[in-house]
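Observations on the model geometry
Now for the letters of each chain:
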Amino acid sequence: MTQKPFFLAAEGVNKSFDGFKAIRDLNFYLEEGELRTVIGPNGAGKTTFLDLITGRTQPDTGKIEFQGVHDLSALSEHAIYRLGIGRKFQTPTVYTDHTVFENLVLSLSGSRGVFASLFFKLKSTQRDRIEEILKTINLSEHTHRKAGTLAHGQKQWLEIGMLLAQEAKLLLIDEPAAGMTDVETARTGELLLSLAGKHTIVVIEHDMVFVRQIAQGRKVSVLHQGSVLCEGPVDQVQSDERVIEVYLGRKHAR
Ligand code: ADP
Ligand code: MG
């Protein structure tokens, strides 16, 4: 019997910065449709791992496979983006002077740069798609507002919507709850849960209330000193002594 290949597989990945090993013999496997939460103390290498997947930086050794592409490191950042890997950085990077609607138009897959995208006529299917995304991210009532005037949480949702418009197959989301109110955080959790299964998502997060909301019944990976320390259901991970020692004893976790 042949085994189903992983959607994403990182194997034996190492990355040093000036002699400091940010990523160390990292092995990480993800199946299609998973919503995987990655936790770990500051400096564990979480953001660097996303940088390696998206081609922002290259591994020293090891490889990252994605949907039949054997080694992402051979590709440019743009080529990786075009394979369908979308990333949300910790701070929102929306076009503040454009409306919510325009931000989504600019992200539509196949769009041709800012000027062309804003002035070409949308097909009705594209318009419908944007309407649907607006509903998903709960911004239908803010369609024509300039993105710069949105609340912090709304900007984050818009950015997630932009990944959807881009038709990203893999969504990489770095600390979405940072700086959010409790209500915004809970809404973000609902949003990610509504996307699970339809999309494959990796969420990096510190806020354990939020992690427990999105990770029930799912696998959580704990990163420590650039490697996966342990993986499993959220309850198991939270009661693992190694995890308690390196992470859960710290101020971010409970
Ligand atoms: P996390 O996201 O888990 O907090 P990071 O991946 O941001 O951790 O960082 C892991 C380590 O790698 C940190 O010590 C950080 O200073 C270092 N690092 C990350 N990116 C760079 C870079 N571009 N240049 C130098 N050091 C870096
Ligand atoms: Mg980080």
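Residues numbered from 1 in each chain as written. Chains lettered and ligands numbered in written order. Predicted model: local features only at pLDDT ≥ 70, side-chain atom pairs only at ≥ 80, totals over all residues. Heavy atoms only, no water.

Notes on the nonpolar core
The biggest cluster of nonpolar side chains holds 35 residues, and the ones touching the most others in it are L104, I130, L158 and L171. For this core, the elements supplying multiple residues, two or more each, are α3 (100-107), α5 (124-136), α6 (152-165), β6 (170-174), α7 (182-195), β7 (200-204) and α8 (208-215). Considering each element in turn, this core owes the most residues, 7 residues, to α6. Those residues within four positions of L158 in sequence are excluded, and the remaining contacts are V94, V100, N103, L104, I137, L139, A147 and L150. If you look at the next biggest cluster of nonpolar residues, it comprises 24 residues, including L8, F49, L52 and I80. (Core = buried A, V, L, I, M, F, W, Y, C linked by side-chain atoms within 4.5 Å. Buried < 20%, exposed > 50% of the residue type's maximum accessible area, 1.4 Å probe, protein only. Helix = DSSP H or I, 4+ residues; strand = E, 2+ residues; numbered from the N terminus. Contact = heavy atoms within 4.5 Å.)

Section: unusual backbone geometry
Even without glycine at this site, Q67 takes up a positive phi of about 40 degrees. Relative to the helices and strands, Q67 is located in the loop between β4 (61-66) and α2 (77-83). Positive phi, close to 50 degrees, is recorded for Q225, a residue that is not glycine. By the secondary structure assignment, Q225 is in the loop between β8 (219-224) and β9 (227-233).

Description of the sheet that holds β8
Read across the sheet, 6 strands follow the order β5-β6-β7-β3-β8-β9 without closing on themselves; strand pairing throughout is mixed. Bordering the open sheet on either side are β5 (85-88) and β9, each of which pairs with just one other strand. The sheet shows a mean angle of 20 degrees between the axes of neighbouring strands, taken without regard to direction. Taken together, the 4 bridges between strand β3 (residues 35-39) and β7 define a ladder with parallel strand orientation. Counterpart to R36 in the pairing with β7 is V202. The strands touched by α7 are β3, β6 and β7; relative to β7, the strand with the most contacts, the crossing angle is about 155 degrees. (Pairing = 2+ DSSP bridges. Axes fitted to C-alpha atoms, helices over the stretch in contact; angles between N-to-C directions.)

Let's talk about the sheet that holds β4
Spatially, 3 strands are ordered β2-β1-β4 in an open sheet, and the strand pairing comes out antiparallel. Edge strands, defined here as strands with exactly one partner in the open sheet, are β2 (20-30) and β4. Each adjacent strand pair in this sheet contributes to an overall mean axis angle of 20 degrees, direction not counted.

So, the packing of α3 against α6
A pair of packed helices can be characterised by two numbers: the angle between their axes and the separation between those axes. Contact geometry for α3 and α6: axes closest at 8 Å, N-to-C directions at 35 degrees. The two elements α3 and α6 meet at a crossing, and its hand is right-handed. Contacts between α3 and α6 involve V100, N103, L104 and S107 from the first element and L158, G161, M162 and A165 from the second. Among the residues forming the contact of α3 with α6, the class breakdown is 5 nonpolar, 3 polar and no charged. (Left-handed = near helix turned anticlockwise from the far one by under 90°. Nonpolar A, V, L, I, M, F, W, Y, C, P; charged D, E, K, R; others polar.)

Observations regarding α7
The end-to-end C-alpha distance of α7 is 20 Å, a good match for the 20 Å that 14 residues give at a rise of 1.5 Å each. Looking one or two places after α7, you find G197, whose phi comes out positive at around 90 degrees. (Expected span 1.5 Å × (residues − 1).)

Description of the site of ligand 1
Surveying the vicinity of ligand 1 reveals the residues F17, F20, A22, P41, N42, G43, A44, G45, K46, T47 and T48. At 2.6 Å, a side-chain N or O of T48 approaches an oxygen atom of ligand 1. Compared with its free state, where it exposes 560 Å², ligand 1 has 59% of that area covered by protein. Elements with a contribution of two residues or more to the shell around ligand 1: β2 and α1 (46-54). (Near = heavy atom within 4 Å. Polar contact = N/O pair within 3.5 Å; in protein donor to acceptor, adjacent residues only side chain to side chain. Areas by Shrake-Rupley, 256 points an atom, 1.4 Å probe, with all protein chains shown as cover.)

Some remarks on the environment of E175
Here E175 shows up in the loop between β6 and α7. Residue E175 is classed as buried on the basis of its relative accessible area, which comes to 11%. For the pair formed by E175 and F89, sequence separation is 86 residues and the distance between their alpha carbons is 7.9 Å. Excluding residues that lie within four positions of it along the chain, E175 makes contacts with K46, Q90, I204, E205 and H206.

Considerations on the pattern of salt bridges
Summed over the entire model, instances satisfying the criterion amount to 9 salt bridges. A salt bridge links K15 to D60, with the shortest nitrogen-to-oxygen separation between them at 3.9 Å. Of this pair, K15 sits in strand β1 (residues 8-17) while D60 sits in the loop between α1 and β4, placing them 45 residues apart in sequence. Of the charged contacts in the structure, one is a salt bridge between E190 and R187, with a shortest N-O distance of 3.2 Å. Taken as a pair, E190 and R187 lie in helix α7 at a separation of 3 residues, close to a single helical turn. For E190, a relative accessible area of 45% gives the class partly exposed. Salt bridges linked by common partners bring E34, R36 and E231 together as one network. (Salt bridge = Lys/Arg side-chain N within 4 Å of Asp/Glu carboxyl O.)

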